[in-house]
Amino acid sequence: MNLTLRQLRAFAAVADTGSFTAAAQQLHLTQSALSVLVRELEREMGVQLLDRNTRSVQLSEAGREFLPSVHRLLGDLAGAVAGVTDLRDKKKGLLRLAAPQLMACTLMPRVIALYREQYPDVDVRLADTLPEHLLAGVTVGDVELAVGQDVAVDDAIERRTLLRDRHWLICPPGHAFANRRKVRWHELGPYTFIAPTRDFRQRVLPELAPAEREYILRPATQEVSYMTTALGMVASGLGLTVCPTYSAPLVRAHGLQMVRLESPDFHREVCVYSAARRSLSPAAASFVQVLEGFAREQQQKD
């Protein structure tokens with residue numbers, strides 16, 4: 001049996017209006033085209049659904065039994081189409097994101113707030129995670145997008161660069177560097193350095209000259225797992241650290257200063273990750289657009 005939506009809509013319109021003429025007008029069809037659709041439906045069903053005479057059209061017994069099912073089917077279809085249209089237009093939906101803890105408490109809340117201004121009916125859920133676990137949620141489908149610093153990926157993950165972010169020197173407000181416009185790495189020698197994450201030294205070493213490498217590798221260097229720990233230690237006068245531009249709100253919350261660190265500059269890319277073999281939902285695609293716009297504005301300010 002090969003029924004079509006046009007046939008079902010034609011039958012329902014005639015049944016509801018009690019007239020081929022009124023139904024044809026409602027569906028913007030000619031009366032002859034409408035009659036053809038109803039006859040095709042009856043032929044496919046093998047029963048007469050409408051009793052016709054010169055004055056009126058009425059439902060047959062089979063038609064009366066069939067009509068409620070047709071109404072349910074057409075209603076369910078209309079609801080499904082409306083739901084997909086709402087998703088397309090970002091009138092509703094659920095978007096799950098992941099980001100490392102530092103980015104989750106600095107960059108992402110500002111972007112999510114901007115996104116909700118444009119798409120208030122999309123529910124955005126943010127998971128803060130360890131950097132080494134960032135891509136796990138994307139791989140298994142727990143999150144649709146992950147935002148974080150550059151990490152190696154395989155063919156299952158798509159990576160797009162969002163921005164190239166500078167790292168700044170962080171010091172207390174009363175420090176000798178606090179009012180400087182810029183500081184060079186070799187000037188850090190007299191001070192204890194607090195490496196802000198476990199992999200920071202491995203990341204920065206290739207960028208440094210031999211003397212600066214010795215400074216980073218010396219036993220006095222503190223190494224912590226979280227940027228918040230490093231900032232707390234700096235605020236207590238225990239040393240200096242570095243952090244990316246997007247962490248500025250957290251730096252200010254600790255009452256610390258950000259000073260440009262040069263010779264060499266140290267940058268890391270911030271990337272957006274998604275599953276390579278799955279297309280982005282409309283909510284995720286629009287979130288990436290908002291995120292990219294926010295990143296452009298921040299880089300212009302910096």
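Above this text is the structure in question.
Residues numbered from 1 in each chain as written. Predicted model: local features only at pLDDT ≥ 70, side-chain atom pairs only at ≥ 80, totals over all residues. Heavy atoms only, no water.

*Asks:* Would you explain the pairing of strand 3 (residues 93-100) in this entry?
*Replies:* The side chains of a regular strand alternate between the sheet's two faces. Inspection of the sheet shows strand 3 paired to strand 4 (residues 122-129) by eight bridges, in the parallel sense. Within strand 4, the residue paired with Leu94 across the bridge is Asp123. The sheet contact formed by strand 3 and strand 5 (residues 145-149) spans two bridges and is parallel. Within strand 5, the residue paired with Leu97 across the bridge is Leu145. (Pairing = 2+ DSSP bridges. Helix = DSSP H or I, 4+ residues; strand = E, 2+ residues; numbered from the N terminus.)

*Asks:* Mind showing me how you'd approach unusual backbone geometry here?
*Replies:* Trans peptide bonds make up the majority, and among non-glycine residues the majority have a negative phi. Cis geometry marks the peptide bond from Ser263 to Pro264, where omega comes out at 5 degrees. Its place among the elements puts Pro264 in the loop between strand 11 (257-262) and strand 12 (267-275). Of note, His28 is a non-glycine position whose phi angle comes to about 60 degrees, a positive value. A relative accessible area of 73% means that His28 is categorised as exposed. Although it is not a glycine, Ser263 adopts a positive phi angle of roughly 55 degrees. Tracing the backbone through its elements, the reader meets Ser263 in the loop between strand 11 and strand 12. (Buried < 20%, exposed > 50% of the residue type's maximum accessible area, 1.4 Å probe, protein only.)

*Asks:* Got a minute to help me understand the packing of helix 1 (residues 5-17) against helix 2 (residues 20-27) in this structure?
*Replies:* Each pair of packed helices can be described by the angle between their axes along with the distance between the axes. Following both chains from N to C, one finds helix 1 and helix 2 inclined at 130 degrees, their axes separated by 8 Å at the closest point. When the axes of helix 1 and helix 2 are compared, the pair comes out oblique. As for the relative orientation of helix 1 and helix 2, their crossing is right-handed in sense. Residues Arg9, Ala10, Ala13, Val14 and Thr17 of helix 1 touch helix 2, and the partners they reach there are Phe20, Ala22, Ala23, Gln26 and Leu27. Of the residues assigned to the contact of helix 1 with helix 2, the class counts are seven nonpolar, two polar and one charged. (Axes fitted to C-alpha atoms, helices over the stretch in contact; angles between N-to-C directions. Parallel < 35°, antiparallel > 145°, perpendicular 65-115°, else oblique. Left-handed = near helix turned anticlockwise from the far one by under 90°. Contact = heavy atoms within 4.5 Å. Nonpolar A, V, L, I, M, F, W, Y, C, P; charged D, E, K, R; others polar.)

*Asks:* Explain the side chain of Thr245 here, please?
*Replies:* Structurally, Thr245 can be placed in the loop between strand 10 (241-244) and helix 11 (248-253). Thr245 gets classed as buried once you look at its relative accessible area, which sits at 14%. In this structure the side chain of Thr245 is engaged in a polar contact, spanning 2.8 Å, whose partner is the side chain of Trp168. (Polar contact = N/O pair within 3.5 Å; in protein donor to acceptor, adjacent residues only side chain to side chain.)

*Asks:* Got a minute to help me understand the packing of aromatic side chains in this structure?
*Replies:* Enumeration according to the criterion identifies five aromatic pairs in this entry. Between Tyr115 and Tyr119, the ring centres sit 4.9 Å apart and the planes meet at 50 degrees, which makes this aromatic pair tilted. Neither Tyr115 nor Tyr119 differs from the other in exposure class; each is buried. For the pair Trp185 and Phe193, a centre-to-centre distance of 6.2 Å together with 50 degrees between the ring planes defines the contact as tilted. Assessed through its relative accessible area of 0%, Phe193 is described here as buried. The lysine or arginine in question, Arg166, covers the ring of Trp168, its NZ or CZ lying 6.0 Å from the ring centre. (Phe/Tyr/Trp six-rings, centres within 6.5 Å; stacked < 30°, edge-to-face > 60°. Lys NZ or Arg CZ within 6 Å of the ring centre and 35° of its normal.)

*Asks:* I would appreciate a short explanation of the layout of surface pockets in the present structure.
*Replies:* Once rolled over the atoms, a probe with the size of a water molecule shows which space is left empty. Roughly 490 Å³ of volume is contained in the largest pocket. The wall of the largest pocket is formed by 26 residues, among which Pro131, Gln149, Thr197, Asp199 and Arg268 lie closest to the centre. Elements supplying a minimum of two residues to the lining of the largest pocket: helix 5 (101-104), strand 5 and helix 8 (200-204). Ranked by residue count, the leading element in the lining of the largest pocket is helix 5, at three residues. Each residue belonging to the lining of the largest pocket can be placed in one class, and the counts come to 14 nonpolar, seven polar and five charged. (1 Å grid on protein atoms, 1.4 Å probe; cavity = no way out; pocket = protein on both sides within 12 Å on 5 of 7 lines; lining within 4 Å. Points joined across faces, edges and corners; volume = space filled by probe spheres on them.)

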